[in-house]
Number of protein chains: 2
Amino acid sequence: MKERDNERWQKPDGRQMNLTRNDCAAMDVGDPLAHARERFCLPKDIIYLDGNSLGALPRATPDRIAKLLTDEWGDGLVRSWNMHDWIGMPARLGAKIAALIGAESGEVIVADSTSVNLFKLAGAAMRLQSPRRIVLSERGNFPTDIYVLQGLEALLGGTVTLRLVERDEIPEALGDDIALLVLTHIHYKSGELHDMRTLTARAHACGALVLWDLSHSAGATELFLDFDGVDLAVGCGYKYLNGGPGAPAFVYVAGRLQGLLQPPLSGWMGHASPFEFGDEFVSAAGIKRQLCGTPAIISMAALGCGLSTFDGVDMRDVRSKSIALGDLMLALVGQYCPGIEIACPADGKNRGSQIALRHAQGYAIMQALISRGVIGDFRAPDIVRFGFSPLYVRFVDIWDAVATLAEILADDSWSDPRFQSRSTVT
Amino acid sequence: MKERDNERWQKPDGRQMNLTRNDCAAMDVGDPLAHARERFCLPKDIIYLDGNSLGALPRATPDRIAKLLTDEWGDGLVRSWNMHDWIGMPARLGAKIAALIGAESGEVIVADSTSVNLFKLAGAAMRLQSPRRIVLSERGNFPTDIYVLQGLEALLGGTVTLRLVERDEIPEALGDDIALLVLTHIHYKSGELHDMRTLTARAHACGALVLWDLSHSAGATELFLDFDGVDLAVGCGYKYLNGGPGAPAFVYVAGRLQGLLQPPLSGWMGHASPFEFGDEFVSAAGIKRQLCGTPAIISMAALGCGLSTFDGVDMRDVRSKSIALGDLMLALVGQYCPGIEIACPADGKNRGSQIALRHAQGYAIMQALISRGVIGDFRAPDIVRFGFSPLYVRFVDIWDAVATLAEILADDSWSDPRFQSRSTVT
């Protein structure tokens, strides 16, 4: 990102409060990622600030999937496993993700869900670290991370114990008894960012391994997994990677650990020779042993289109714009939305690509926003959350979203009963 | 199926060898399932006898998926989890599968892969059966079943021991020390069928639970899971259920066991209240606790189209036609293909919807068949396998396939070097 643009984006820092919508439009003109918005189908009259729950539809996806269905599946039938290299898809997409997160191509593979992948890596890591038996994680970590670790604890009885501590207690909790530290890099509610490099080093110093959940990081921030010495990571395909609802997830295992980790979910796709149909499980070499069952090719091909939205994109630009979008929203909220509390780091460098606001009527406020075409989401009990996918969110979108929020707060329109009743998924 | 049709189909029983292609065409005319073939897109000049590896493309799938992508994902964005009830898809599709396998709608759910589901159920069953620790299975069972059990054994150390016995030794191996019997109902190579009801009862008599893999059964044979007293089952979505490459799989848990099984893969979608984002895993009631991560909605919607190809279909017709297709192929092979060995049960009632032939040059023979438009598959070391999806395979297809096989065998055309080199997926 050019210095000149950064300067413009840094305008709304609390000292310059007279920002106009035209200023936001000017920021969009200077945005080196502005062209990427064309890569997405975005509905008219919607401001979409929920790419951290479900990324938008890439323009290329419908044609790609139609071709996959009609030509590859319909005409090619079972032959397409070879002819169209479906069998190579998990590693091929893994290599594309590796390029976005600072990893080597043989260190990432696409498979299963984030939850299942957490189980695989945590289970394998605990065997490697035996007789240490404590998994350390953060209270309030994304629930599925905690749930999967609780499941592992229940399954493995006395050999795995989950210990949850408060966020600020993590460094001191890293003692010689810790086998594995499991953290989400960017917190799903607050957007607060852990220092990956420092915490990884701290864990290594006491002999622990670290497993990072990158669900809210991959595709929205710069990552340096290899440089930061990361051991293990998982991440989500359907948020900032734009892979579609329930897209397959990914697994990262540092090259140095790949041969040491025995997968607890040992399905045939992780076998060294799956098509020899032998009676004995022999792990594939490298990252492929992290596969388990047959990959969901249709969903995986959609993820491929999601990853292609990053073609030619510099992740430094993504990170800079992400911070600028957040800074802008915080400045505008501070100016126009009294009565709502900021619940995320004010300093962009400690924040992921999202803003969290706190309000007792958060649920109803979000419903009111959605009814006016501003889609963010609500996280219980009181967090209003806005995620910024730097590939398609514009600075004027932030302006318009805050303007709408300000209206709703000013006239208490959230108190309309139709915004109060809860639906299943929020 | 009408008696008259059965009689006609029973012609090729070894006593009537003068069957002509016209006779086969007449069988198609009398086929009560003939209309179902229109529900599929099948390439011209291809005889597809590999629906047990990958089912054919349903005609409805491309439009349904296009609508899902453009309207539901593209326009609806994250709102479609509620608006289009994506969140209910696993249970909704589960109910459709339940109707095909003799189960109640609340006993089946769609999730993950067959391998992952095997792990879930076997892991939960072993906890329930503790202190018994032996899992009994069949040597030569489908590899992923064995591999997953080996992975569970390695993970759980002394509390799970896998014991593999020969097929005919299973009844006597069912002693008071067996915790769990894991069998594939229809063998992937030989097509041989286990007596589900008798073996389940035999296992129960010694206090064992039974987990059936229905991957080669669901959609191709009649199943009576509840009536047969089955405890647990898993199955595949991409074979006879026509769900597309790597379609999500399914899980069956008998109602009486649902509350007793604690899932070892405890992801957020199996939580009683996933959107409350609490720190403590509490299993959902009923079959929903078998969910783990976020479901792969695009692949799942394609499975929905696959299941709709069974709308209005009587599974008794499916089973009768499946046997008749197999009987026809065996009779024709016996007559026209000397030198190839029958490697599946001759009696249709002991056989799934497939025929296995054995030949030392099986791989090359299958490659030669494929080059002439007859697609079956090869299973190492020497099995040539043909699967019959009764919804779209015709009796004339069997005639034409055997005629092609007879030509290839008669002139040794399999010995062409281009048919000898192995590709990745066979």
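Predicted model only: the values in this text are computed from it and were never measured.

J.: I tried to follow the relation of the copies chain A and chain B on my own but got confused; where do I start?
T.: A rotation about an axis combined with a shift along that same axis relates the two copies of the chain. Overlay of chain A on chain B (RMSD 0.0 Å): rotation 180°, translation along the axis 0.0 Å. Considering both components of the superposition, the chain copies are consistent with a two-fold axis. Relative to the rotation axis, the closest C-alpha in chain A is found at A:S299, a distance of 2.7 Å. When the interface residues of chain A are mapped onto chain B, 100% of them again lie at the interface, so the same face is used by both copies.

J.: Sorry if this is basic, but what is going on with the interface of chain A and chain B here?
T.: In many reports, interface size means the accessible area that the parts give up when they come together. Of the residues lining the interface, 86 residues belong to chain A; the matching set on chain B comes to 86 residues. Between chain A and chain B lies a buried interface of about 7,100 Å² when both sides are counted; carbon and sulfur atoms form 69% of it. In terms of surface lost to chain B, no three residues of chain A exceed A:W73, A:Y147 and A:F277, which account for 11% of the buried area on that side. Connecting chain A to chain B are zero salt bridges. Here chain A is connected to chain B by 27 residue pairs in polar contact (both at pLDDT 80 or more). Of all the elements in the fold, those that place two or more residues in the side of chain A that touches chain B are β3 (57-58), α3 (61-75), α4 (80-83), α6 (114-129), α7 (143-156) and α11 (297-308) of chain A. With eleven residues, the single largest contributor to the side of chain A that touches chain B is α7(A). The residue makeup of the side of chain A that touches chain B, split by class, is 48 nonpolar, 28 polar and ten charged.

J.: Please explain the pairing of strand β7 (residues 178-184) of chain B as it appears in this structure.
T.: Across a regular strand the side chains alternate sides, sitting on one face of the sheet and then on the other. Residues and elements named next belong to chain B. Counting buried positions along β7 gives seven out of seven residues, so the element sits mostly inside the fold. As defined by bridge partners, strand β5 (residues 134-138) adjoins β7 across four bridges and the pair is classed as parallel. Residue pairing in the sheet places I134 in a bridge with I178 of β7. Where β7 lies against strand β8 (residues 209-213), five bridges are found, and the strand directions are parallel. Residue pairing for β8: T184 is matched across the bridge by D213. In this fold, the crossover linking β7 to β8 by way of helix α9 (residues 196-205) has right-handed handedness.

J.: Got a minute to help me understand the side chain of B:R289 in this structure?
T.: Residue and element names in this part refer to chain B. Here R289 lies in the loop between α10 (255-258) and α11 (297-308). For the buried R289, no salt bridge is present, and the opposite-charge side chain at shortest range is E107, 14 Å distant. In terms of polar contacts, R289 uses its side chain to reach the backbone carbonyl oxygen of L261, at 3.0 Å.

J.: Can you help me understand the pairing of strand β12 (residues 354-358) of chain B in this one?
T.: Residues and elements named next belong to chain B. For β12, a buried count of four out of five residues is recorded, marking the element as mostly surrounded by other parts of the structure. Pairing geometry for strand β11 (residues 341-342) and β12, over two bridges, is antiparallel. If you follow I342 over to β12, its bridge partner there is L357. In terms of strand pairing, β12 meets strand β15 (residues 383-387) through five bridges, oriented antiparallel. Residue R358 lies in a different strand from β15, and its bridge partner there is I383.

J.: Help me understand the packing of helix α2 (residues 21-29) of chain A against helix α14 (residues 395-410) of chain A, please; the structure alone is not making it clear to me.
T.: A pair of packed helices can be characterised by two numbers: the angle between their axes and the separation between those axes. Residue and element names in this part refer to chain A. Relative orientation of the contacting elements α2 and α14 amounts to 150°, with a least axis distance of 7 Å. As summarised for this structure, α2 and α14 are arranged roughly antiparallel, according to the angle between their axes. Residues R21, C24, A25, M27 and D28 of α2 form the contact with α14, whose own contacting residues are F395, V396, W399 and D400. Residue composition of the contact of α2 with α14, by class: six nonpolar, no polar and three charged.

J.: Is there a simple way to explain the sheet that holds β7(B) in this structure?
T.: Hydrogen bonds between backbone atoms are what pair the strands of a sheet, whose relative direction is either parallel or antiparallel. Residues and elements named next belong to chain B. Taking strand neighbours across the sheet as the criterion, the seven strands line up as β4-β10-β9-β8-β7-β5-β6 in an open arrangement whose pairing is mixed. The two strands at the open ends of the sheet, each matched to only one other strand, are β4 (108-111) and β6 (161-165). Neighbour-to-neighbour, the strand axes of this sheet turn through a mean angle of 20°, independent of strand direction. Strand contacts of helix α5 (residues 89-101): β4 and β10 (249-253), with the helix running at about 125° to β4, the strand carrying the most contacts.

J.: What's the story with helix α7 (residues 143-156) of chain B in this structure? I'm lost.
T.: Every α-helix winds through 3.6 residues per turn, so residues three or four apart in the chain are directed the same way. Residues and elements named next belong to chain B. Along its 14 residues, α7 runs 20 Å from first to last C-alpha, staying within 8% of the 20 Å computed at 1.5 Å per residue. In terms of residue burial, α7 counts as a mostly covered element, since twelve of its 14 residues are buried. Within α7, the full set of buried residues consists of P143, T144, D145, I146, Y147, V148, L149, Q150, G151, L152, L155 and L156. With its phi angle positive at about 55°, G157 sits one or two positions after the end of α7.

J.: What am I meant to see in the pattern of salt bridges here?
T.: Residue and element names in this part refer to chain B. Tallying each qualifying case throughout the model produces 48 salt bridges over all chains. When the shortest N-O distance is used, the salt bridge between D327 and R351 registers 3.1 Å. Of this pair, D327 sits in helix α12 (residues 315-336) while R351 is found in the loop between β11 and β12, placing the two residues 24 residues apart along the sequence. Since its relative accessible area comes to 23%, D327 is described here as partly exposed.

J.: Before we go on, may I ask you to explain the packing of helix α12 (residues 315-336) of chain A against α14(A) in this structure?
T.: Residues and elements named next belong to chain A. Two numbers describe how α12 lies on α14: the axes approach to 10 Å, and their chain directions differ by 25°. As judged from the angle between their axes, α12 and α14 are roughly parallel. Two packed elements cross with a definite hand, and for α12 against α14 that hand is right-handed. Residue-level contacts link K321, A324, L325, L328, M329, L332, V333 and Y336 of α12 to F395, I398, W399, A401, V402, L405 and A406 of α14.

J.: Where do I start with empty space enclosed by the protein in this structure?
T.: Rolled over the atoms, a probe as big as a water molecule pinpoints where empty space is left. What the rule picks out here adds up to six cavities of 30 Å³ or more. The computed volume of the largest cavity comes to approximately 340 Å³. Secondary structure elements with two or more residues in the lining of the largest cavity: β4 (108-111) of chain A together with β4 of chain B.

J.: Whenever I open this one, the packing of aromatic side chains confuses me. Can you help?
T.: Ring pairs (aromatic) are described by centroid distance and by the angle formed between their planes. One pass over the structure, following the stated rule, counts 25 aromatic pairs over all chains. Ring geometry for A:F142 against A:Y188: centres 4.9 Å apart, planes inclined by 90°, an arrangement best described as edge-to-face. In this pair, A:F142 is assigned in the loop between β5 (134-138) and α7 and A:Y188 in the loop between β7 (178-184) and α9 (196-205), connecting sequence segments 46 residues apart. On the basis of relative accessible area, A:F142 is assigned to the buried category, the value being 13%. Their ring planes at 40° and their centres at 6.1 Å tell us that B:W268 and B:F277 sit as a pair that is tilted.

J.: Hey, could you run me through the sheet that holds strand β14 (residues 377-379) of chain A in this one?
T.: Residues and elements named next belong to chain A. Spatial ordering of the open sheet is given by β11-β12-β15-β14, a layout of four strands whose pairing is antiparallel. The strands lining the two open edges of the sheet, one partner per strand, are β11 (341-342) and β14. Pairing of β14 with strand β15 (residues 383-387) involves three bridges; the strand directions are antiparallel. Within β15, the residue paired with D377 across the bridge is R385. α12 contacts β11, β12 (354-358) and β15 of the sheet and is inclined by roughly 25° relative to β12.

J.: Is there a simple way to think about the side chain of B:T200 in this case?
T.: Residues and elements named next belong to chain B. Summarising the element assignment, T200 is placed in helix α9. Of note is the side chain of T200, whose polar atom sits 3.0 Å from the side chain of W212. Discounting chain neighbours no more than four positions away, the residues touching T200 are V210, W212, D228, G229 and V230.

Calculation rules
Residues numbered from 1 in each chain as written. Chains lettered and ligands numbered in written order. Predicted model: local features only at pLDDT ≥ 70, side-chain atom pairs only at ≥ 80, totals over all residues. Heavy atoms only, no water. Least-squares fit on C-alpha atoms with pLDDT ≥ 70 in both. Contact = heavy atoms within 4.5 Å. Buried area = accessible area lost by both parts, 1.4 Å probe. Salt bridge = Lys/Arg side-chain N within 4 Å of Asp/Glu carboxyl O. Polar contact = N/O pair within 3.5 Å; in protein donor to acceptor, adjacent residues only side chain to side chain. Helix = DSSP H or I, 4+ residues; strand = E, 2+ residues; numbered from the N terminus. Nonpolar A, V, L, I, M, F, W, Y, C, P; charged D, E, K, R; others polar. Buried < 20%, exposed > 50% of the residue type's maximum accessible area, 1.4 Å probe, protein only. Pairing = 2+ DSSP bridges. Right-handed = clockwise from strand over helix to strand, strands pointing away. Lys, Arg positive; Asp, Glu negative; His and termini not counted. Axes fitted to C-alpha atoms, helices over the stretch in contact; angles between N-to-C directions. Parallel < 35°, antiparallel > 145°, perpendicular 65-115°, else oblique. Expected span 1.5 Å × (residues − 1). Left-handed = near helix turned anticlockwise from the far one by under 90°. 1 Å grid on protein atoms, 1.4 Å probe; cavity = no way out; pocket = protein on both sides within 12 Å on 5 of 7 lines; lining within 4 Å. Points joined across faces, edges and corners; volume = space filled by probe spheres on them. Phe/Tyr/Trp six-rings, centres within 6.5 Å; stacked < 30°, edge-to-face > 60°.

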